[in-house]
Each structure stands twice: as C-alpha cells, then as structure tokens.
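# Descriptive analysis of the structure
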Amino acid sequence: MPKKLFIETLGCQMNVRDSEHMIAELNAKEPYELTTDSTEADLIIINTCSVRERPVHKLFSELGLFNKKKKEGAKIGVAGCTASHLGKDIIKRAPYVNFVLGARNVSKIAEVVEKDKSVEIDINYDESDFAFKDFRSSPYKAFINISIGCDKSCTFCIVPKTRGDEISIPAELIVNEVKKSVANGAKEVFLLGQNVNNYGRRFSGEHDKVNFTELLRMVSKVDGLERVRFTSPHPLHMDDEFIEEFATNDKICKSMHVPLQSGSTEILKEMKRGYTQEWFLNRIEKLRAMSPEVSISTDIIVGFPGESDADFEESMKVAKAVKFEQMFSFKYSPRPHTEAAEYTNVIDSEVASERLLRLQTFQDGVVDEVMRVQVGKTHEVYFELLRSDGFISGRSDNNFLVKVEGSEELLGEIRKVRITDAARMSLTGELLA
Ligand code: SAH
Ligand code: F3S
C-alpha cells in the first residue's frame, strides 16, 4: 500500500508549482498517493502564503485541527513563505509539527521528512539549476518556473524576505521543460516568476544572456505548443519590445496581469515601485492599442500608510481609465521585516475598508459590463474540466472562464465557441463547428 499524502496549497501560482515539485521529489523516493482527506494521510503538508496577515493566524488553528484528527504516526510539515518567515518558531508554537521547509528549499522535501524537527529555510539556497522531478497536476497545462526569488524591494512586500534574491533559471532548462510538457500532452504553458519581465538579469552559473522577450520567442517556437501564458510582469519593465512581442506573437495568450498597487504617484514612490501613474497608463494604452482583445487584470492595495483621500482618488481614477477586466484588491496589511511596517502614518482601518468597498463596488460594475459585451463574440476555448452538470469548461485565449454543454471528448481540445450568456464569473456558449 503506498503512503498517502495530503497537501494544501495556499497563495499564488508559484506555490502551486512548489507543491507539484514537492510531490514529485517525494514520489521519486517512494510512491505516495494523493488524498483530499487529511485524517487518512501519512503525511500532511501545508504550503503557506505570508503576503497578508490573516492566513498566518489561520495556519495555527488549522494545524491544531490537523493534529487532533490525524492518523496515528502521521507527520505534519509546514512549507512555503510562512515557513521561511517564522522558521523554528512554528515548532515552538506547535510542537507536534515535524518539519518546516522554506519556499526557497522545496527541493529538500524528501530529506526533511526523514529528519524529525528539521527546519530548512535558507533564502540564499539556490534552486535555479536544480533538476526537479516531474509531477503535473493538470495534463493540459504546465506551470514552469522561469526565476526564483525577487530582487525588488517594494516596501509593503514580504516576498523578497521569504523567497530571497532573484535568480533566473537557464533558458535551455526552461525550453526543455516546455518540450517535455508538450510531449506529455500539454498544449499550454504558464511561465512563472515574481517579476517575469526582469528575466535574465542574473543566473547562478555562466549562461547566455537572454531577456524575457527573447525567452518568449524561444518558448513559443516549441513544436506542438499552442498557448503561452505568464505571470506576473512588472509595469516598470514593460518596454516597447515586450509589448510588441506580446501583441504580435500568436502563441501568447492575450491576457496579462499588470499589478498597479496604487494609482497615486506619491504612494507608488513610498511603495518603491519605480513607476508613476503616467508611465502605467502609457503602458496600458500601448498594450490596448496593439492588442485590442487583451484582458488586463491587476492588484491594488488600499490604505497603504500615508494614503490620503486624494491619493485613493488617483487609484479610482486609474481603475476608471483602464477598466480592468479583473481586479484583486486588498487592504494594506503590515508585514514583518518590511520597510512600510515601520511607517507611522497608518490609515484607520475603517477608512481603508470604506475605500476598499468603493473600489470593489466600482469594479463589480466594470466586470458586469465586460462580461455582458462578450455575448455574441467568438472565443477559442481550451477545454480542461468536465463538470457534473453536463457542462465542460475551459479558458478563452484572453482568460475568460467559458462553459458549453459537452462531454469528455472535448477535454484537451481547443475549439471555437460563440458566447450566448454571461454571468459575473463565467460565460456560457455553444460550440462552432
Ligand atoms: N510580484 C508581484 C506581487 C506578489 S505579492 C508584483 O509584482 O506585484 C501578490 C500581491 O499581494 C501583490 O501584488 C499585492 O497587491 C498584494 N500584497 C503584497 N503585500 C501586501 C501587503 N503587505 N498588504 C496587502 N496586500 C499585499
Ligand atoms: Fe513583492 Fe514587489 Fe517583488 S510586490 S514579489 S517585492 S516585485
């Protein structure tokens, strides 16, 4: 009987990929069967996020529950960014935890499960040349890391402290991963990094200098690959060459996550984002002009220290000007070891909540309109999920969730769909020939 593994993944797509890496490394040593029931697992792993504060509190109550109901002899491990950030304190606070494994150390999973109470959280550890074993949670698309860590120092963000300095993964390794994924049936790859368009600044060994635009060209030449996605680009590094490649390369899906953070140039300066409102709007204007079908998503933080009513209005102004197809908005949450956590001009929590509500209410209206105007349009949809209600769903090139009536022969197929109905989260359509 293979051992059973329960793994819960919180946070971003990098974590999703890190969980796949851990599963692959564990399996290479001894086979594990995945389970969604923690009470029957021999190994329980929580792959954590520490970008905002709430999940950290949740972690300990969740760990307590897992421990209470675990199978006898089962091990519990905490991995990811909260592991990097809290380290051995996790075992102090929850002594039944068997190991702590930082976001930058996931390649060591098979070692740490063997050693009780081990804590591996070195953020200088270099996994950029490490040949991870293979495990993919979806046969249809492959998440592929192109860099680890982040070299920026946005004053609100804990990520550089949990994932370390940015190191790019050699282009030849990435292209090999893409080829392997395509050979295994994936038509789509998702290139991942905290700051993808900063790719190629630093490698750990001697490697050809390749920038992100060149990497996109190399990847999209792989035979059999039909779709390339990536996340996240940094607005500062969106040069003309990159936008032109994005717009003109047919393999690149026309959706982009462009994290604004704030619309106020003053606040952007305090956040150390390196761009102004004008630069951001100029880049979006070029993107929309060159790629009219593009859907743009963003992240916005409200209530950053010192954000005045007028600063917040600047975020509203950008939201109104751009009409993002999707927006993730958050109340600022002070994080340990970040510069902004030391700022004393904090914003009253209720004021921040009111601002968030205003922004989200405005955005809901934008999304309703964005979805409504899709009716009658034709999208190319890559079908990935068979649902229990007789529908099958997938993503359009520009990232809308689309469902049609259909059965499993559509799985893994890219087909044209005419949209017949729209809801807030998804579109319904009918297959065209
Ligand atoms: N690399 C990405 C961001 C990674 S963190 C970038 O270039 O922006 C993911 C998102 O979490 C960020 O875009 C930000 O909007 C949000 N976030 C990060 N730190 C935060 C904090 N302290 N409070 C609230 N939101 C935060
Ligand atoms: Fe964080 Fe800024 Fe890097 S948001 S992940 S420090 S680009």
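Scope of this entry: the structure provided in the associated data block. This structure is a prediction, so every number in the text was calculated from the model and none was measured.

## Some words on the sheet that holds strand β7 (residues 141-145)
One open sheet accounts for three strands, arranged β7-β10-β11; its pairing is parallel. In this open sheet, the two strands that pair with only one neighbour each are β7 and β11 (227-231). With direction set aside, neighbouring strand axes in the sheet form an average angle of 20°. As paired elements, β7 and strand β10 (residues 188-192) share five bridges and run parallel to each other. Considered in β10, the bridge of I144 is made with L191. Seen against the sheet, helix α7 (residues 171-183) touches β7 and β10 and runs at an angle of roughly 165° to β7.

## Points about empty space enclosed by the protein
Applying the stated criterion across every chain yields a total of two cavities of 30 Å³ or more. Considered as a void within the structure, the largest cavity measures approximately 120 Å³ in volume. Lining the largest cavity we find M14, D18, H21, A103, R104, V106, E127, F132, N145, I148, G149 and R163. For the lining of the largest cavity, the element with the most residues is helix α1 (residues 13-29), which contributes three residues.

## Notes on the pairing of strand β4 (residues 75-80)
The buried fraction of β4 amounts to five of the six residues, a majority that puts the element mostly inside the structure. Pairing geometry for β4 and strand β5 (residues 99-102), over four bridges, is parallel. Note on β5: the bridge partner recorded for G80 is G102.

Cut-off values and rules
- Residues numbered from 1 in each chain as written.
- Chains lettered and ligands numbered in written order.
- Predicted model: local features only at pLDDT ≥ 70, side-chain atom pairs only at ≥ 80, totals over all residues.
- Heavy atoms only, no water.
- Pairing = 2+ DSSP bridges.
- Helix = DSSP H or I, 4+ residues; strand = E, 2+ residues; numbered from the N terminus.
- Axes fitted to C-alpha atoms, helices over the stretch in contact; angles between N-to-C directions.
- Contact = heavy atoms within 4.5 Å.
- 1 Å grid on protein atoms, 1.4 Å probe; cavity = no way out; pocket = protein on both sides within 12 Å on 5 of 7 lines; lining within 4 Å.
- Points joined across faces, edges and corners; volume = space filled by probe spheres on them.
- Buried < 20%, exposed > 50% of the residue type's maximum accessible area, 1.4 Å probe, protein only.

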